[in-house]
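A structural walkthrough
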Amino acid sequence: MKIGMIQSFLPSGSPHGGVGLQAHQLANELVRRGHHVTVISRDPRPVDAEYAHRYLRTPDFLARPKVMRVAEGHLFPMRIALEDLTGFDVVHAHGDNAYLLGRGRPPLVRTFHGSAVDEARFALFGPRRVGMKEVYWAAQQLSYYPLEWLGGFSADVNVGISEVTRARLPFVEFIVGEAIQVERFTRPPNAARAPRPTILFVGSLGGRKRGTLLVQAFREHVLPRVPDAELWMICERVGEEGPVKYLGRRANAELPPLFHAAWAFCLPSSYEGFGIPYIEAMAAGLPVVATPNAGAREVLQEGRAGLLVSDDELGPALASLLQDERRRLEVADAGVRRAADFSFQNISDQYERYYALARDRARQRRGARGTASGEATC
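Described below are features of the structure shown in this document. If you're wondering where the values come from, they're calculated on a predicted model, not measured in any experiment.

**What about helix 1 (residues 19-32)?**
Here helix 1 contains 14 residues, and its C-alpha end-to-end distance of 20 Å stays within 8% of the 20 Å for a straight helix at 1.5 Å per residue. Within helix 1, twelve of the 14 residues are buried, leaving the element largely enclosed by the surrounding structure. Along helix 1, the positions that sit buried rather than exposed are V19, G20, L21, Q22, A23, H24, Q25, L26, A27, N28, E29 and L30. At the exit of helix 1 stands G34, carrying a positive phi of roughly 105°.

Put into structure tokens, the structure is as follows:
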């Protein structure tokens, strides 16, 4: 099958994960299955891409100033609408398909990786302090929300990554979770845990990831009960403050050894549309502790595959987990079983079915249009 994949940013330009990494890895997996995939993006082709690439480079005057980057978020769907997509059997858009309304377009599958309205909501109501940065981000996301609705109505098949996404975008028919390379995160039998009780965090200190909340809970509740504990923060900061180690941003390829060494994983986000780091941690055999945001509740199956605790319970729950090896193993085992649901094999199987469904619906759409045209002629 010839598949055209639309994804504005890729790991070559945004190396720390997200939708770009999902699209990149899915495209590679589909190529390994024998499909011909071309990714259309405003980022360059990643060095490990196994797919073809069509580069719609962002003009310099749009790429640099933040205000103009918002404009590019609206301009890129227009650029996509001007592309010749007729050579593809199916198009899979991870965004930016709002103006693909022409009759001659190929069958179209659209995946919604969360909702812009939720991004805006939690930018304003998630952090303890809201400044101009949060207001700017919320306004930017709200400006994209109408494009999501246009994109949904122009697609033949609409997929969301969670029930939370479907609640915001009710035209979403099917739920397909995000995928990870489970085998890459699976803990090798000879991998050693850190000698000291260690909690791992991957995210940012501020915003909805709430790394500062975890640092506070660690100092106030974990250290008094587990004095030799450490907290490893994969975030924007580098340095050490006693047992709190700020390790900076890390490329995705560098994460598995850190997951394998830690004793527990914690990401106390106020909002996650899905929560890929939870799955990566579970695949690595780590017990996961999260606050009950929408993505964590779904990925952790309401607490059956990990611990969901309130902000006030975060520190005490982590301290208890570090002190109870049997409990850590129980939670970790449940997480490993859950992580298997999100392998690229399972996720790709589902998308292949939806590509076929989109082609069937497109044929029906064209047939109905041809019948209506014939009746009008008569």
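Having seen it, we continue.
**A closer look at the sheet that holds strand 13 (residues 288-290)**
Taken together, seven strands build an open sheet; the order of strands is 10-11-9-8-12-13-14 and the sheet is mixed. Of all the strands in the sheet, just strand 10 (238-241) and strand 14 (307-308) have a single pairing partner and so form its edges. Pairing between strand 8 (residues 198-202) and strand 9 (residues 230-234): five bridges, direction parallel. Of the residues in strand 9, the one forming a bridge with I199 is L231. Contacting strand 8, strand 12 (264-267), strand 13 and strand 14, helix 12 (residues 314-323) runs over the sheet at an angle of about 170° to strand 12.

**Some details on the packing of helix 10 (residues 276-283) against helix 13 (residues 325-339)**
At a minimum axis distance of 7 Å, the contact between helix 10 and helix 13 shows a crossing angle of 115°. Between helix 10 and helix 13, the interaxial angle falls into the category roughly perpendicular. Considering the relative orientation of helix 10 and helix 13, their crossing is left-handed. For the pair helix 10 and helix 13, contact is made by I279, M282 and A283 and by G335, V336, R338 and A339, respectively.

**Some points on the packing of aromatic side chains**
Between two aromatic rings, the relevant description is the distance of the centres plus the angle of the planes. Scanning all chains against the criterion turns up eleven aromatic pairs. Each ring, one from F174 and one from Y354, has its centre 4.4 Å from the other, and the planes form 25°; the classification is stacked. With F174 in strand 7 (residues 174-175) and Y354 in helix 14 (residues 344-377), this residue pair connects regions lying 180 residues apart in the sequence. Directly above the aromatic system of F76 lies the positively charged group of R42, at a separation of 5.7 Å from the ring centroid. If you follow R110 out to its NZ or CZ, it ends over the ring of F112, 4.0 Å from the centre.

Reading the values: the criteria
Residue positions are given per chain, counted from 1 along the sequence in the order it is written. Note on the predicted model: pLDDT of at least 70 is required for a residue's local features to be given, and 80 or more for side-chain atom pairs to be given and counted; whole-chain, interface and lining totals, by contrast, use all residues. The side-chain figures draw on all heavy atoms in the structure; neither hydrogens nor water molecules are used. By the criteria applied, helices consist of DSSP H or I runs no shorter than four residues and strands consist of E runs no shorter than two, each listed in order from the N terminus. Expected span of a helix: the number of residues minus one, times 1.5 Å. The buried label applies to any residue whose accessible area, calculated with a 1.4 Å probe on protein chains only, is under 20% of its type's maximum; exposed applies above 50%, and partly exposed to all values in between. DSSP calls a pair of strands paired once it identifies at least 2 bridges connecting them. Any two residues having at least one pair of non-hydrogen atoms within 4.5 Å are treated as being in contact. Working convention: axes come from line fits to C-alpha atoms, limited for helices to the stretch in contact. Angles between N-to-C directions cover 0 to 180 degrees. The scheme is simple: roughly parallel for angles under 35 degrees, roughly antiparallel for over 145, roughly perpendicular for 65 to 115, oblique for anything else. Note: crossing handedness is left-handed where the near helix turns anticlockwise from the far helix by less than a right angle, and right-handed where it turns clockwise. Between 30 and 60 degrees the pair is tilted, below 30 it is stacked and above 60 it is edge-to-face, where a pair is any two Phe, Tyr or Trp rings, Trp via its six-membered ring, whose centres lie within 6.5 Å. In this scheme, the term charge over a ring applies when either NZ of a lysine or CZ of an arginine sits within 6 Å of the ring centre and within 35 degrees of the ring normal.

Interpretation note: all reported values are geometric properties and have no functional meaning in isolation.
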